[in-house]
Amino acid sequence: MPRRGDNIRKRKDGRWEGRYQVISANGKKRYLSVYGKSYREVKEKLAAKMQLSGDMNFPGVPAIETGGGLQIYDTGFCVLMEEWLEKVAESRKYSTYVKYKKLYTCYIQNLFFSDKLSWMSNSHIQIRMASLDASDSTRHSVLALIRQTLRYAENQYGFPMPVITGFSLQKRMSAIEVMNRTEQTRLIQFLYSDMNISKAGIYLCLFTGLRLGEVCSLKWADIDQERGLLHVSRTVQRIESREGPTKTMLLETSPKSDFSKRAIPISDTLLSLLSKFRQEGQEYVLQNHKPMEPRTYQNHFKKYLEKINAPDYNFHILRHTFATNCIDSGMDIKSLSEILGHSNVQITLNRYVHPSMDTKRKYINALSADYGQLCGQA
């Protein structure tokens, strides 16, 4: 049986066969076949045929009428991606659409603006990606969008998607910066002096690992005082407005993934601290009746760092510091991963868990003590 979106089947003799359509000079259509030992091999051969012959018509590729009445069966890749982006706008969160659209306009459109869909082989994509001057994270996102667009062409129009392999995007991740013990001590002491709700929010992030958007959209209803739980069910961010790229809006949505919707246990001390600032009729924790502007709260944090003579850290360092402190105190990775809202523990290990210098020193000193005992016994 052919797979959905493919003109590929397994023959009775055990071989795989892929069929494609060509148009001769007189306009007649006929089918040709390629063969292979596996589905993947045949799919790669079909993709190679697409690249080698620009006048081939592959089943389901959208036809575009030009002014002279000529039919072009091989549309531009960027045209197809823009069509796919419109589908994303209809079916996904608006913030997701804005993120994808920005990647397209900033990177993909410049790389593939003149390329035909039939050129999109693995080797051609590698050549284009080699000229992309961007971080590994951005390159990974760009490649993900290319794959999704090609998969859309396959599912929507039956266009054989090339097998994309051979990309080495993952480099050794450097240790994520965290606040050292001295900086943490100075920060906590500063927060407790003349405490207000803004300082309490910073303290909350340091002891729960909340993201900036999550604490800015936190409501009092999300805090279960009886059970000692904090429920994360939304986030807020400033993104491009629907009116155009020159205008922005504050958008409150569900968290970045289903795993980000979580319940975090909080201590009695933290509950007591927060309850001091709760007022009758107040909906949001940091601001009365609307979420806090993330950039504004980030600026509050920057000012606090200046007060304690700490480096100009990003707000996210509170989350990194929380995760590292949890590991140093003996918390298991699975529990920490769920508290942080990660989809799997590998993300937690790779991005957030880096033993502090104090922890390394503790283990070295313990090892030295063991050696000293052995020397004494000798």
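The structure presented is a predicted model; accordingly, all values stated were derived computationally and were not measured.

Participant: Looking at this structure, how should I read the nonpolar core?
Facilitator: Nonpolar side chains in soluble globular proteins tend to end up buried together. Counting residues in hydrophobic clusters, the biggest one holds 47 residues, and the most contacted among them are Val215, Tyr297, Phe315 and Leu318. Among the elements of the structure, helix H6 (181-192), helix H7 (197-208), helix H8 (212-216), strand S7 (229-232), helix H9 (268-275), helix H10 (294-307), helix H11 (317-328) and helix H12 (333-340) are those that each provide at least two residues to this core. Per-element accounting of this core gives the leading share, six residues, to H7. Ranked by size, the runner-up nonpolar core spans 33 residues in total, among them Leu85, Val98, Tyr104 and Ala153.

Participant: Just checking my understanding: could you explain the pairing of S7 for this structure?
Facilitator: Sheet faces and side chains relate simply in a regular strand, where the side chains alternate between the two faces. As judged from the two bridges shared by strand S6 (residues 223-224) and S7, these two strands associate in the antiparallel manner. Bridge pairing in S7 links Ile223 to Leu230. What sits between S6 and S7 in their antiparallel hairpin is a turn of four residues, with Gly228 showing a positive phi close to 65°.

Participant: Any chance you could explain the packing of aromatic side chains here in plain terms?
Facilitator: Two numbers describe a pair of aromatic rings. These are the distance of the centres and the angle of the planes. Taken as a whole and judged by the stated rule, the model has nine aromatic pairs. Relative to Tyr97, the ring of Tyr94 has its centre 6.2 Å away and its plane inclined at 40°; by these criteria the two rings are tilted. Here Tyr94 pairs with Tyr97, and both are found in helix H3 (residues 94-112), just three residues apart, close to one helical turn. Across this residue pair, the class does not change: Tyr94 and Tyr97 are buried. Residues Tyr297 and Phe315 carry aromatic rings whose centres are separated by 5.7 Å and whose planes lie at 45° to one another, so their mutual orientation is tilted. Remark: Phe315 occurs in the loop between H10 and H11 and Tyr297 occurs in helix H10; sequence separation between them is 18 residues. With relative accessibility at 0%, the residue Tyr297 sits in the buried group. Across the ring face of Phe190, the terminal group of Lys199 is positioned such that the distance to the ring centre comes to 4.2 Å.

Participant: It is not clear to me how the packing of H6 against H11 should be interpreted in this structure. Could you clarify?
Facilitator: Between two packed helices, the angle of one axis relative to the other and the distance separating the axes together describe the packing. It is the contact of H6 with H11, at a shortest axis distance of 12 Å, that shows an interaxial angle of 115°. In terms of their interaxial angle, H6 and H11 are classed as roughly perpendicular. In this structure, H6 meets H11 at a crossing whose hand is left-handed. For the pair H6 and H11, the contacting residues are Arg181, Gln184 and Leu187 in the first and Leu318, Thr321, Asn325 and Asp328 in the second. Per-class residue counts for the contact of H6 with H11 are two nonpolar, three polar and two charged.

Participant: Can you help me understand the layout of surface pockets in this one?
Facilitator: Empty space among the atoms can be located by rolling a probe the size of a water molecule over them. Approximately 310 Å³ is the volume attributed to the second largest pocket. Contributing to the lining of the second largest pocket are 20 residues, with Leu206, Phe207, Thr208, Phe322 and Cys326 lying nearest its centre. Broken down by secondary-structure element, the contributors of at least two residues to the lining of the second largest pocket are H6, H7, strand S10 (262-265), H9 and H11. Its residues assigned to classes, the lining of the second largest pocket shows 12 nonpolar, seven polar and one charged.

Participant: Help me understand the confidence of the model for the protein in this model?
Facilitator: The predicted coordinates of low-pLDDT regions are not to be read in fine detail. Across the protein, the average pLDDT comes to 81, with 80% of residues at or above 70. Mean pLDDT values over the elements of the protein span from 34, in strand S5 (residues 71-72), up to 96, in H10. Within the model, the stretch residues 52-73 combines pLDDT values under 50 with 40 contacts to residues more than four positions away or in other chains.

Participant: How do you make sense of the sheet that holds S10 when you look at a structure like this?
Facilitator: Hydrogen bonds between backbone groups are what pair the strands of a sheet, and the pairing can be parallel or antiparallel. Spatially, the three strands line up as an open sheet ordered S6-S7-S10, and their pairing is antiparallel. Here the strands that pair on one side only, and so sit at the sheet edges, are S6 and S10. Of the strand pairs in this sheet, S7 and S10 are connected by four bridges, and their pairing is antiparallel. By the bridge assignment for S10, His231 is matched with Ala263.

So, how was this worked out
- Residues numbered from 1 in each chain as written.
- Predicted model: local features only at pLDDT ≥ 70, side-chain atom pairs only at ≥ 80, totals over all residues.
- Heavy atoms only, no water.
- Core = buried A, V, L, I, M, F, W, Y, C linked by side-chain atoms within 4.5 Å.
- Buried < 20%, exposed > 50% of the residue type's maximum accessible area, 1.4 Å probe, protein only.
- Helix = DSSP H or I, 4+ residues; strand = E, 2+ residues; numbered from the N terminus.
- Pairing = 2+ DSSP bridges.
- Phe/Tyr/Trp six-rings, centres within 6.5 Å; stacked < 30°, edge-to-face > 60°.
- Lys NZ or Arg CZ within 6 Å of the ring centre and 35° of its normal.
- Axes fitted to C-alpha atoms, helices over the stretch in contact; angles between N-to-C directions.
- Parallel < 35°, antiparallel > 145°, perpendicular 65-115°, else oblique.
- Left-handed = near helix turned anticlockwise from the far one by under 90°.
- Contact = heavy atoms within 4.5 Å.
- Nonpolar A, V, L, I, M, F, W, Y, C, P; charged D, E, K, R; others polar.
- 1 Å grid on protein atoms, 1.4 Å probe; cavity = no way out; pocket = protein on both sides within 12 Å on 5 of 7 lines; lining within 4 Å.
- Points joined across faces, edges and corners; volume = space filled by probe spheres on them.
- pLDDT = per-residue confidence, 0-100.

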